[in-house]
Amino acid sequence: MTLLCTGYEPFGDHETNPSRQLARELDGETVAGHEVVGAVLPVEFDRVADELAALIDEHDPAAVVATGLAAGRTTVSVERVGINVDDAVTVPDNADDSPHDARIVPGGADAHLATIPVVESVEAMLDAGVPARVSNSAGTHCCNHALYSLLENHDLPAGFVHLPLTPDGAVAEAEAPERGGGVQASMPLSLQVEGVRTVFETTVA
C-alpha cells in the first residue's frame, strides 16, 4: 500500500517552495507501514486535477495529502474545506493564467470537507511538538484547486496541508528588494516533514 504526498513548484515571487522539498524528502519513506510516493505538481490551474488523477491511477494510494506554501502563516495548517472556485486574485499561475470567480467543476458541489481527520491530525501534531492549527480557508488558488479536485473526483481519504516558509526561504524573501525587507514567519523543513508524517499516521491509524 502507498501514500501519496504532493507538493508544488515555486510560483510568483517565491524562489523556493517548501512543499516541493517536503514531497521529495518523504518520497520513498515508510510511514505507518505504507510507502510514501512524493510528487511535485505544476502551479497551473489547468493541469492540477489531471496530474493528481494520473498519480492516483498509477499508485492507488490509501490516502492523499497534498501540500503547498502559505507564506506568512506561522503553523502547519490542515485545511478543512475545498470550495468550487478558481480565482487567482493578484498572482497568476505559472502558465500566466488568472481565472476570476470561475467554477472548478461546472455543476459540481459548492464545497467539500476534507476526508482526512483534520482536527485529530492537528491534535496529534501538537502532541508531537509541531505547531499546527485547523484552517477554514485554502484560498482560491491552485492549493484549493487541488483539494477540491481530490474531494470531488476521488473516493479516498484526502486533504491539504499548508506550510510556512522555511528559515532559508524567509531570509531570501526578506533580502528581495520587492519584498521591502520584511521578515516573515518560518519553520524548519524537518519539523514540517514531521508534521505531514503525523497527518499520514493519524489518517491511516
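The text that follows walks through the structure, step by step, so that each part is easy to find.

How each quantity is defined
Residues numbered from 1 in each chain as written. Predicted model: local features only at pLDDT ≥ 70, side-chain atom pairs only at ≥ 80, totals over all residues. Heavy atoms only, no water. Pairing = 2+ DSSP bridges. Helix = DSSP H or I, 4+ residues; strand = E, 2+ residues; numbered from the N terminus. Contact = heavy atoms within 4.5 Å. Axes fitted to C-alpha atoms, helices over the stretch in contact; angles between N-to-C directions. Expected span 1.5 Å × (residues − 1). Buried < 20%, exposed > 50% of the residue type's maximum accessible area, 1.4 Å probe, protein only. Arc of directions from axis to C-beta.

1. A look at the sheet that holds strand 3 (residues 34-41)
Stage number 1. With mixed pairing, the 7 strands of this open sheet are ordered in space as 2-3-1-4-9-5-8. The sheet is open, and its two borders are formed by strand 2 (30-31) and strand 8 (132-135), each paired with just one other strand.
Stage number 2. One ladder, built from 7 bridges, connects strand 1 (residues 2-8) with strand 3; its direction is parallel. Bridge assignment links Tyr8 to a residue of strand 3, and that residue is Leu41.
Stage number 3. Lying over the sheet, helix 6 (residues 189-204) contacts strand 1, strand 2, strand 3, strand 4 (63-69), strand 5 (76-79) and strand 9 (158-163), oriented at roughly 155° with respect to strand 4.

2. Considering helix 2 (residues 45-59)
Stage number 1. Between its terminal C-alpha atoms helix 2 stretches 22 Å, which fits the 21 Å expected from 15 residues at 1.5 Å a residue.
Stage number 2. Those residues of helix 2 that fall on the buried side of the exposure criterion are Phe45, Val48, Leu52, Leu55 and Ile56. Projection of helix 2 onto a plane perpendicular to its axis shows the buried side chains occupying an angular sector of 95°, all on one side. Exposed side chains of helix 2 directed beyond 90 degrees from the buried face belong to Asp46, Asp50, Asp57 and Glu58.
Stage number 3. Taken from the residues just after helix 2, Asp60 is the one with a positive phi, measuring 45°.

3. Some remarks on the pairing of strand 1
Stage number 1. Among the 7 residues in strand 1, 7 count as buried, and that is most of the element.
Stage number 2. Sheet topology places strand 1 next to strand 4; 4 bridges connect them, and they run parallel. Counted as the bridge partner of Thr6 is Ala66 from strand 4.

4. Points about the pairing of strand 4
The side chains of a regular strand alternate between both faces of the sheet.
Stage number 1. Counting buried positions along strand 4 gives 7 out of 7 residues, so the element sits mostly inside the fold.
Stage number 2. Burial of strand 4 is two-sided: the residues Ala63, Val65, Thr67 and Leu69 facing one way and the residues Val64, Ala66 and Gly68 facing the other way are all buried.
Stage number 3. Pairing of strand 4 with strand 9, which is carried by 6 bridges, proceeds in the parallel orientation. Bridging across to strand 9, Ala66 finds its partner in Phe160.

Without other data, these values stay purely geometric and don't point to any function.
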